[in-house]
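The primary structure of each chain is shown beneath.
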Amino acid sequence: MPTHILNIETTTTQCSVALATDGQLVGVEQSNHQDYQHSKLLHTYIHQLLQSHSLTPSDLSAVAVSSGPGSYTGLRIGVGAAKGLCFGCDIPLIALPTLGVLAQEIQKESGHILPILDARRDEVYIAVYDTKHNLVQAATPHVLSQGSFTQWANQGSVFFVGTGIKKCKRILAPHQNLYFPNKESFPSATHMIALSYQKYQQGDFEDLAYFDPEYLKSFQVTPSKKDALGLPKN
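Just so it is clear, the model here is predicted, and its values are computed rather than measured.

1. Focus: the overall build of the protein
When its secondary structure is counted, the protein shows six helices and ten strands. In terms of overall dimensions, the protein has a C-alpha envelope of 60 × 55 × 30 Å along the principal axes. Per-residue burial for the protein yields a buried fraction of 48% across its 234 residues. Partitioning the contacts of the protein with sequence separation of at least 6, the portion at a separation of at least 24 is 61%.

This is the structure:
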């Protein structure tokens with residue numbers, strides 16, 4: 001029986017779904033909207049992918065979801081859809097760290113990979129991987145300063161990837177070992193395929209009842225500039 005895994009990535013403004021069979025990409029649906037269209041697009045993309053390959057949800061072997069950090073709303077939508085499919089079809093859930101998915105975009109011989117996601121103000125989410133994509137430092141929120149990541153740059157080449165590139169270029173002090181791509185990139189379900197297939201083969205699944213995304217920080221609501229009556233505050 002072929003192994004069909006649906007990969008879901010919704011942690012940024014990009015909504016991305018990829019279908020893989022036996023570890024090989026067979027189809028992808030994704031788009032990027034600054035106003036977050038995940039609630040409208042995600043289930044449509046899933047339906048289109050399955051239908052275009054003559055599959056139904058019951059044909060899936062597992063669902064993989066990018067587990068954060070990232071947008072609170074995006075994570076809830078992605079994980080909610082993944083859990084719903086797994087519960088409904090009685091199939092396993094695979095969770096993949098978002099920064100680990102981003103790190104897959106970099107292929108280098110030596111140095112460190114720093115996948116980075118933009119957060120509020122001068123803050124980012126970062127993790128550190130070696131060039132074999134082994135985790136060196138776990139994901140954490142980080143407030144950028146001129147000296148950020150000097151410890152890694154002093155050891156050799158540091159390759160950045162993700163959505164926080166512009167912010168890093170603006171704040172970090174120049175260093176000969178810091179390498180930035182020409183443009184920012186967003187996590188994609190296409191970079192989840194090899195990772196999810198490996199976890200499937202290892203039987204590395206999540207507990208559906210207790211699994212939650214890796215928010216890293218509590219959700220914050222921006223205070224309203226109006227009072228309870230809708231009048232501007234002084």
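2. Looking at the packing of aromatic side chains
One pass over the full model with this rule turns up five aromatic pairs. Aromatic pair tyrosine 200 and phenylalanine 205: ring centres 5.9 Å apart, planes at 55 degrees, arrangement tilted. The class for tyrosine 200 is partly exposed, based on a relative accessible area of 25%. Among the aromatic residues, ring-to-ring pairing joins Phe149, Phe160 and Phe180 into one connected group.

3. Points about unusual backbone geometry
Looking along the chain, the bond that leaves glycine 68 and enters proline 69 is cis, with omega of 10 degrees. Among the structural elements, proline 69 can be located in the loop between β4 (62–66) and α2 (72–89). The backbone of tyrosine 36 sits at a positive phi, close to 55 degrees, despite the residue not being glycine. Note on tyrosine 36: relative accessible area 35%, which makes it partly exposed.

4. Observations concerning the pairing of strand β1 (residues 4–9)
Burial runs high along β1: six of the six residues are buried. Burial along β1 is two-sided: His4, Leu6 and Ile8 facing one way and Ile5, Asn7 and Glu9 facing the other are all buried. Relative to strand β2 (residues 14–21), β1 runs antiparallel, the two being bridged by six bridges. Its bridge partner lying in β2, isoleucine 5 is registered against alanine 20. Across four bridges, the pairing between β1 and β4 is parallel. Residue pairing for β4: leucine 6 is matched across the bridge by valine 63.

5. Structural notes on the sheet that holds strand β6 (residues 112–118)
The five strands lie next to each other as β8-β7-β6-β9-β10, forming an open sheet whose pairing is mixed. Two strands lie at the open edges of the sheet, namely β8 (135–143) and β10 (178–179), each paired on one side alone. Pairing analysis gives six bridges linking strand β7 (residues 123–130) to β8, with the strands arranged antiparallel. In the strand pairing of β8, tyrosine 125 is matched with proline 141.

6. Considering the pattern of salt bridges
One pass over the structure, following the stated rule, counts four salt bridges. As a salt-bridge pair, aspartate 118 and lysine 167 come within 2.3 Å of each other at their nearest N and O atoms. Here aspartate 118 is found in strand β6, whereas its partner lysine 167 is found in helix α5 (residues 165–171), with 49 residues between them in sequence. Given a relative accessible area of 9%, lysine 167 falls into the buried group.

7. Focus: the confidence of the model for the protein
Of the residues in the protein, 92% have a pLDDT of 70 or more, and the chain-wide mean is 92. Of the regions scoring below 50 in pLDDT, residues 219–234 engages in ten contacts with residues more than four places distant in sequence or in other chains.

8. Section: the sheet that holds strand β3 (residues 24–32)
A sheet is described by the order of its strands in space; here five strands give the open sequence β3-β2-β1-β4-β5, paired in mixed fashion. Each edge of the sheet is formed by a strand with only one pairing partner; in this case those strands are β3 and β5 (93–96). Within this sheet the neighbouring strands show an average axis-to-axis angle of 15 degrees, counted without direction. Sheet strands in contact with helix α1 (residues 38–52) are β1, β2 and β3, and its direction is about 20 degrees off that of β2. In this fold α2 packs onto β1, β4 and β5, with an angle of close to 170 degrees to the strand it touches most, β4.

Criteria and cut-off values
Residues numbered from 1 in each chain as written. Predicted model: local features only at pLDDT ≥ 70, side-chain atom pairs only at ≥ 80, totals over all residues. Heavy atoms only, no water. Helix = DSSP H or I, 4+ residues; strand = E, 2+ residues; numbered from the N terminus. Buried < 20%, exposed > 50% of the residue type's maximum accessible area, 1.4 Å probe, protein only. Contact = heavy atoms within 4.5 Å. Phe/Tyr/Trp six-rings, centres within 6.5 Å; stacked < 30°, edge-to-face > 60°. Pairing = 2+ DSSP bridges. Salt bridge = Lys/Arg side-chain N within 4 Å of Asp/Glu carboxyl O. pLDDT = per-residue confidence, 0-100. Axes fitted to C-alpha atoms, helices over the stretch in contact; angles between N-to-C directions.

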